[in-house]
Amino acid sequence: MTAPLNKPKVATVWLDGCSGCHMSFLDLDERLVTLASLVDIVYSPVVDPKEFPQHVDLTLVEGAVSSEEDFHKANLIRRCSSVVIAFGDCSVTANVPGMRNTWEPRALLDAAYVEKATSPAEAANRKARIPLKVVPPLRAQAVPLHEVIPVDVFIPGCPPPADAIWQVLTELLAGKTPDICAVTRFGR
Amino acid sequence: MNGGKHATAESITLTIDQNAISCRNGLSVLEAAREHGIDIPTLCWLEGLTLWGGCRLCMVEIEGSPRLFAACATQCTEGMVIHTQSPRLHRYRRTIVEMLLAERNHVCSVCVSNGHCELQAMAQRLGVDHVHLPYRFPRLSVDNSHDFFRLDHNRCILCTRCVRVCAEIEGAHTKDVKGRGIQAAIIHDLDQPWVESQTCTSCGKCVNVCPTGALTHRGTAIGEMIKKHEFLPYLKLMREVHQ
């Protein structure tokens, strides 16, 4: 038996999420072996390549678009992917990352770093520790992927169950349109 | 003669989704449909409470009229031809649920009602796999003042079940709605913290009829808030029997 020469290229990306969707992906367990015979995983937190490839057939995106880096990646993914899948509630609804959206990013960082200070000196010290370099700046709000780029398929769930991921992936690879709401929903 | 006249007044025939059915006169389209196993989606309607007709999920098409009718608030008439399913109705129902989800902060994954929520279940049933409208992310308060219960405005869909059960069944009328449109909100008495209400009897009926995680028992963790509104038709029946 020989593997198909041109297997579909699949990528998975982790934006502003907890990686739980990727954990659920790994919960495919022995089906991962079958999946590996059906597709090439060309980019993912679980494989080596560091640059998003020029062309990917199908990209699963976990997480909301929250930082400038997420925004840049989302646009890159859209340019380089035939099918973009919003993978899990953070990507579909903004979910938990979106719970910061009623505050300005600066107020949010102050709440996290400065507010607990008991003296002006400590406040100044804490303010200096707010990370503004290396880590990408937060955008005004964490938003669902489809508010930034066009999305082709949505898999809600926090996380989507492994069975739902399998069902959706195998049907998409077979050229079918999966009935998403039959296998998963918002929340758990 | 009289009997025949009586029979026509008491029962009528109509068509729902190509099914010829007969039902007692005076039933709503929703009741007639459900009696015959045709389930029209609803959120604000609840057996045992008066009509509200606010959620509009039960809208149906009735032949001969271009407009849509709320099945819960439309009485069956002889010869009516009703359609409860059509691409237009599905689109409208999905949009209604999407508007509810976008209007406030419904974060199913961390909600105490996760897995027991009528809005979450309705979204799944209607095939809402994402919300086309931009989320509003409003900043809303949580009334955590009551010893036993909590009102989280983030999860409220303004179905007014709590207002109606409080006024009609408990007879307290502690709850009501203030404001209009997007500013509307559930209040206690004269818009006071719940604990300061002088009319609330702490009966908890509002909590159990609430379709979402807006009204909950305090001390429930994610997914632990299970609503039980079976008491309502029972109470209603008991009262009718005693009358």
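For clarity, every value in this text was computed on a predicted model and none was experimentally measured. (Residues numbered from 1 in each chain as written. Chains lettered and ligands numbered in written order. Predicted model: local features only at pLDDT ≥ 70, side-chain atom pairs only at ≥ 80, totals over all residues.)

1. A look at the overall build of chain A
- Each helix and strand in chain A was counted, giving seven helices and seven strands.
- Going from N to C terminus, chain A has its helices and strands arranged as β-α-α-β-β-β-α-β-α-α-α-β-β-α.
- By principal-axis analysis of the C-alpha atoms, chain A measures approximately 70 × 35 × 30 Å.
- Residue burial in chain A is summarised as follows: out of 188 residues, 37% are buried.
- Sequence separation of at least 24 residues holds for 79% of the intrachain contacts in chain A that already meet a minimum separation of 6. (Helix = DSSP H or I, 4+ residues; strand = E, 2+ residues; numbered from the N terminus. Buried ≥ 20, exposed ≤ 12 C-beta atoms within 10 Å, placed from the backbone. Contact = placed C-beta atoms within 7 Å.)

2. Here we look at the interface of chain A and chain B
- Each side of the interface is counted separately: chain A has 23 residues, and chain B has 19 residues.
- Grouping the amino acids of the side of chain A that touches chain B by side-chain chemistry returns 11 nonpolar, eight polar and four charged. (Nonpolar A, V, L, I, M, F, W, Y, C, P; charged D, E, K, R; others polar.)

3. Details of the sheet that holds strand β10 (residues 215–217) of chain B
Residue and element names in this part refer to chain B.
- Taken together, the three strands give an open sheet; going across it, the order is β6-β7-β10, and neighbouring strands pair in antiparallel fashion. The outermost strands of the open sheet, each flanked by one partner alone, are β6 (142–143) and β10.
- For β6 and strand β7 (residues 149–152), the ladder comprises two bridges, and the chain directions are antiparallel. Its bridge partner lying in β7, Val-142 is registered against Asp-152. (Pairing = 2+ DSSP bridges.)

4. Overview of the domain arrangement of chain B
Residues and elements named next belong to chain B.
- Taken domain by domain, chain B comprises domain 1 (13–85) and domain 2 (107–242).
- In this complex, domain 1 contributes 11 residues to the contact, which on the side of domain 2 involves 19 residues.
- A class-by-class count of the residues in the side of domain 1 that touches domain 2 yields seven nonpolar, three polar and one charged. (Domains from an automatic or database assignment.)

5. Things to note about the sheet that holds strand β4 (residues 68–70) of chain B
Residues and elements named next belong to chain B.
- A sheet is described by the order of its strands in space; here five strands give the open sequence β2-β1-β5-β3-β4, paired in mixed fashion. Every other strand in the sheet has two partners, leaving β2 (19–24) and β4 as the edge strands with one partner each. The average undirected angle you get between the axes of adjacent strands in this sheet is 40°.
- Summarising the sheet, strand β3 (residues 59–62) and strand β5 (residues 81–83) pair through two bridges and their orientation is antiparallel. When the sheet's bridge partners are listed, Glu-61 is paired in β5 with His-83. (Axes fitted to C-alpha atoms, helices over the stretch in contact; angles between N-to-C directions.)

6. Here we look at the nonpolar core
- Residues Val-61, Ile-85, Ala-86 and Ile-155 of chain A together with Cys-58, Ala-71 and Cys-162 of chain B are the most contacted members of the largest nonpolar core, which totals 99 residues.
- Per element, the largest residue contribution to this core is five residues, and it comes from helix α7 (residues 162–173) of chain A.
- Two domains each donate at least three residues to this core, and these are domain 1 (13–85) and domain 2 (107–242) of chain B.
- Apart from the residues lying within four places of it in its own chain, the contact partners of Ala-86 of chain A are Val-61, Ser-91, Val-92, Pro-144, Leu-145, His-146, Val-151, Phe-154 and Ile-155 of chain A together with His-130 of chain B. (Core = buried A, V, L, I, M, F, W, Y, C linked by C-beta atoms within 7 Å.)

7. So, the confidence of the model for chain B
Residue and element names in this part refer to chain B.
- Here chain B averages 94 in pLDDT, while 96% of its residues score no lower than 70.
- Note that pLDDT drops below 50 for residues 1–7; the model gives that stretch zero contacts with residues more than four away or on any other chain.
- Scored as a whole, the predicted complex attains pTM 0.93, and scored at its interfaces, ipTM 0.93. (pLDDT = per-residue confidence, 0-100.)

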